[in-house]
Amino acid sequence: MAKYVPEPFKIKMVEPLTLTTRAERECYLKDANYNLFALRSDQVYIDMLSDSGTGAMSDSQWASMFKGDESYAGSRGYYRLMDAVKDIFGYRYVQPVHQGRAAEKVLLPCLLKEGQYSIANMHFDTTRGHVGLCKAIVKDLVVPEAHDTDKYAPFKGNMDVHAMKAFIEQVGADKVGVIIMTITNNTAGGQPVSMENIRETAKVAREYGIPMIIDAARFAENAYFIKTREPGYADKSIIEITREAFSYASAFTMSAKKDAIVNMGGLIGIKDDERLFDAVKALTVPYEGFVTYGGLAGRDLEAIAVGLYEGTDFDYLRYRIGQVEYLGELLREAGVPFQYPVGGHAVFVDAKRVLPHIPYYQFPGQALALELYLEAGIRGCDVGSYMLDPDPVTGEQPESEMEFTRLCLPRRVYTQAHIDLVAQAIVNVQKRAKQVKGYEIVWQPKVLRHFTAKLRPLA
Ligand SMILES: *Cc1c(COP(=O)(O)O)cnc(C)c1O
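For every chain, the first residue of the written sequence is number 1, and numbering continues from 1 along that sequence. Residue-level local features of this predicted model are given only where pLDDT is at least 70; pairs of side-chain atoms are given and counted only at 80 or more, and the full residue set underlies all totals for whole chains, interfaces and linings. By convention in this description, side-chain values take in all heavy atoms of the structure and omit both hydrogens and water.

Visitor: Just to check I follow, could you spell out the pattern of salt bridges for this structure?
Guide: Basic side-chain nitrogens of Lys or Arg form a salt bridge, by our definition, when they fall within 4 Å of a carboxyl oxygen of Asp or Glu. This model, assessed by the stated rule, comprises 24 salt bridges. Between Arg-411 and Asp-51 there is a salt bridge, with its nearest N and O atoms 3.0 Å apart. Taken together, the positions of Arg-411 in the loop between strand 12 (404-408) and helix 15 (416-431) and Asp-51 in the loop between strand 1 (46-47) and helix 2 (59-66) put the pair 360 residues apart, joining distant regions of the chain. Asp-51 matches Arg-411 in its accessibility class, with the two residues each being buried. Taken together, the shared-partner salt bridges in this structure form one network comprising Asp-51, Arg-218, Glu-221, Asp-259, Arg-320 and Arg-411. Under the DSSP-based scheme used, a helix requires at least four consecutive residues in state H or I and a strand at least two consecutive residues in state E, with every element numbered from the N terminus. To sort residues, take the accessible area from a 1.4 Å probe on protein chains only and compare it with the maximum for the residue type: under 20% means buried, over 50% means exposed, and anything in between is partly exposed.

Written out as structure tokens, the structure is:
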């Protein structure tokens, strides 16, 4: 029987949800050109599109916002945030930016030259986009077990260090601009990366003189998995584990909209390289704003500083990941295939196996997400071939190795009854899976097409 970890908080403010009928949802979806990003949030009952910026801030975070210092330069919030980053990550320099992709936009051009490779356990979609904008090439080298959705492995997000070494040997170290460790590995299903793997990857990076950086969106969830799954870490605190993990890298980019539990914000951290920090500052000013606010209001900096500590609280993380595990357990009991074990922030339903009759170029992950919306007003999204832009040269649709429908859990937002309803909806759709049809794209932009593309159901 699935077990639910009780919330370590109570509800102080509520936000009403709109209930809709199936007939209404059919109209909404048609009007949205079968793109779930085009729905109005009022047309959604349970919004699992993203865990990014969708969390509920605490009373302490809201209180800190009232203390926000809106000075143009040198605000108190900036220094508070600096202190928090130094304390939690052990890094000397921090650059706030407005969100994670802004951190990528600023940092990656400082590290990547045209024609070079960026190696990662897996690049997140915005990271992939920014590597491309540097005219560099992405290379994903996740461990093979990430592709076997049924097989239990404690750290399915790991880098395949042997393959990485072989790849560097093959192309030459000067052809690799950066190595990125994405923790947790979002694209592989929010799967964690072990401390041993971070350490080994860093060792190889150092041997070849390639900088290793961390895509740190879910650093705290990753640390929770290390604490609960990796030998030797059970007695270490989340912050101690974080400090060790980050000691192996030279810089990080972070979307604060995830583990820092704020609605907007991002960070660049640099361990000690002053020259790199100078380069980052030089790009931040024109792109994001002056260095002590980086595209954020002073009050946002305060909320991030508080949120970084709340997000690293063990009892919070046990509840948080426990909620995701609970949804996973309900699906497992019902025989629904998903990336097992669940990762930290979402359940990735294996749409390739739920809808085996839909080929990759008709987007099974998207088809299942659309069907869940019709079923119960649940909004998830595709993480599969639909998310992969066509090849810029040939125009061909790449085939993703995995076809997922991702259902994210916003932090501190939904209750056990909501989760029960989600599980039941997935089970209902699986029962009539054979009737579900694929989709085709009728319009798309050049990059990151899944956000704005228009689709139509196939007859
Ligand atoms: C969310 C995310 C980003 C991008 O962050 P935004 O704040 O959405 O711009 C980058 N990498 C990973 C792993 C993410 O989850």
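Visitor: Whenever I open this one, the side chain of Thr-242 confuses me. Can you help?
Guide: Examined against the element boundaries, Thr-242 turns out to sit in helix 9 (residues 238-247). Thr-242 sits in the buried class, given a relative accessible area of 2%. Should any heavy atoms of two residues lie within 4.5 Å, those residues are considered in contact. Non-local contacts of Thr-242, meaning those with residues more than four positions away in its chain, are made with Ile-88, Phe-89, Phe-219 and Ala-223.

Visitor: I tried to follow the pairing of strand 8 (residues 266-270) on my own but got confused; where do I start?
Guide: As a general feature of sheets, a regular strand has side chains that alternate between the two faces. Counting buried positions along strand 8 gives five out of five residues, so the element sits mostly inside the fold. Residues Gly-266, Ile-268 and Ile-270 point to one face of strand 8 and Leu-267 and Gly-269 to the other, with burial holding for every one of them. Here five bridges tie strand 2 (residues 93-97) to strand 8, and the two strands are oriented antiparallel to one another. Pairing of Pro-96 across the sheet is with Leu-267, part of strand 8. The pairing criterion for strands is at least two bridges between them, as found by DSSP. Bridge analysis of strand 7 (residues 251-255) against strand 8 gives five bridges, and the strand direction is antiparallel.

Visitor: Please clarify how the nonpolar core should be interpreted in this entry.
Guide: The term nonpolar core refers to a set of buried residues drawn from Ala, Val, Leu, Ile, Met, Phe, Trp, Tyr and Cys, joined through side-chain atoms within 4.5 Å. By size, the foremost hydrophobic cluster in this structure holds 115 residues, and its most contacted members are Phe-89, Ile-179, Phe-219, Phe-246, Phe-252 and Leu-308. Sort the elements by how many residues they give to this core and helix 12 (residues 314-333) lands first, with nine residues. Residue ranges assigned to the domains are those given by an automatic or database domain assignment. Mapping this core onto the domain boundaries places at least three of its residues in each of domain 1 (22-51 + 313-457) and domain 2 (59-310). Listed in part, the 22 residues of the second largest apolar core include Ala-103, Leu-107, Ile-180 and Ile-213.

Visitor: How should the environment of Ser-194 be read in this particular structure?
Guide: Within the secondary structure, Ser-194 sits in the loop between strand 5 (176-182) and helix 7 (195-207). Considered as a pair, Ser-194 and Asp-382 are 188 residues apart in the sequence and their alpha carbons are 26 Å apart. Among residues more than four places away in sequence, those in contact with Ser-194 are Phe-155, Asn-158, Ile-226 and Glu-230.

Visitor: Is there a simple way to explain the sheet that holds strand 11 (residues 381-383) in this structure?
Guide: Neighbouring strands of a sheet are bound in pairs by backbone hydrogen bonds; such pairs are parallel or else antiparallel. Ordered by their spatial adjacency, three strands build an open sheet running 9-12-11, and the pairing between neighbours is antiparallel. Single-partner strands in this sheet number two, and they are strand 9 (346-350) and strand 11. Within the sheet, the average angular offset between the axes of one strand and its neighbour, ignoring direction, is 35 degrees. As defined by bridge partners, strand 9 adjoins strand 12 across five bridges and the pair is classed as antiparallel. Helix axes are fitted only over the stretch in contact, all axes being lines through C-alpha atoms; the angle between N-to-C directions runs from 0 to 180 degrees.

Visitor: Hey, could you run me through the site of the ligand in this one?
Guide: Being near a molecule or strand, for a residue, comes down to having at least one heavy atom within 4 Å of it. In the vicinity of the ligand lie 15 residues, with Gln-99, Arg-101, Asp-215, Ser-255 and Lys-258 positioned nearest. Think of a polar contact as two N or O atoms within 3.5 Å of one another; within protein, one of them needs to be a possible hydrogen donor and the other a possible acceptor, and neighboring residues in sequence only count if both atoms come from side chains. One of the side-chain nitrogen or oxygen atoms of Asp-215 is found 2.7 Å away from a nitrogen atom of the ligand. Interatomic distance of 2.8 Å between a side-chain N/O atom of Arg-218 and an oxygen atom of the ligand. Coverage of the ligand by the protein amounts to 97% of the 380 Å² it exposes when considered alone. Per element, the largest residue contribution to the shell around the ligand is three residues, and it comes from helix 4 (residues 100-111). Each residue gets one of three labels, nonpolar for Ala, Val, Leu, Ile, Met, Phe, Trp, Tyr, Cys and Pro, charged for Asp, Glu, Lys and Arg, and polar for the others, Gly among them. Across the shell around the ligand, the residue classes tally to two nonpolar, seven polar and six charged. Each accessible area is a Shrake-Rupley estimate made with a 1.4 Å probe; only the visible protein chains count as cover when residues are assessed.

Visitor: Help me out: how do you make sense of the domain arrangement of the protein chain in this one?
Guide: It is common to give the size of an interface as the accessible area lost on bringing the parts into contact. When its domains are assigned, the protein chain resolves into domain 1 (22-51 + 313-457) and domain 2 (59-310). The distance between the C-alpha centroids of domain 1 and domain 2 comes to 26 Å. Tallying the contact residues gives 31 residues for domain 1 and 35 residues for domain 2. Buried surface area refers to the total accessible area, computed with a probe of radius 1.4 Å, that the two partners give up upon joining, counted for both partners together. Contact between domain 1 and domain 2 buries roughly 2800 Å² in total, counting both sides, with carbon and sulfur atoms accounting for 55%. The interface formed by domain 1 and domain 2 contains six salt bridges.

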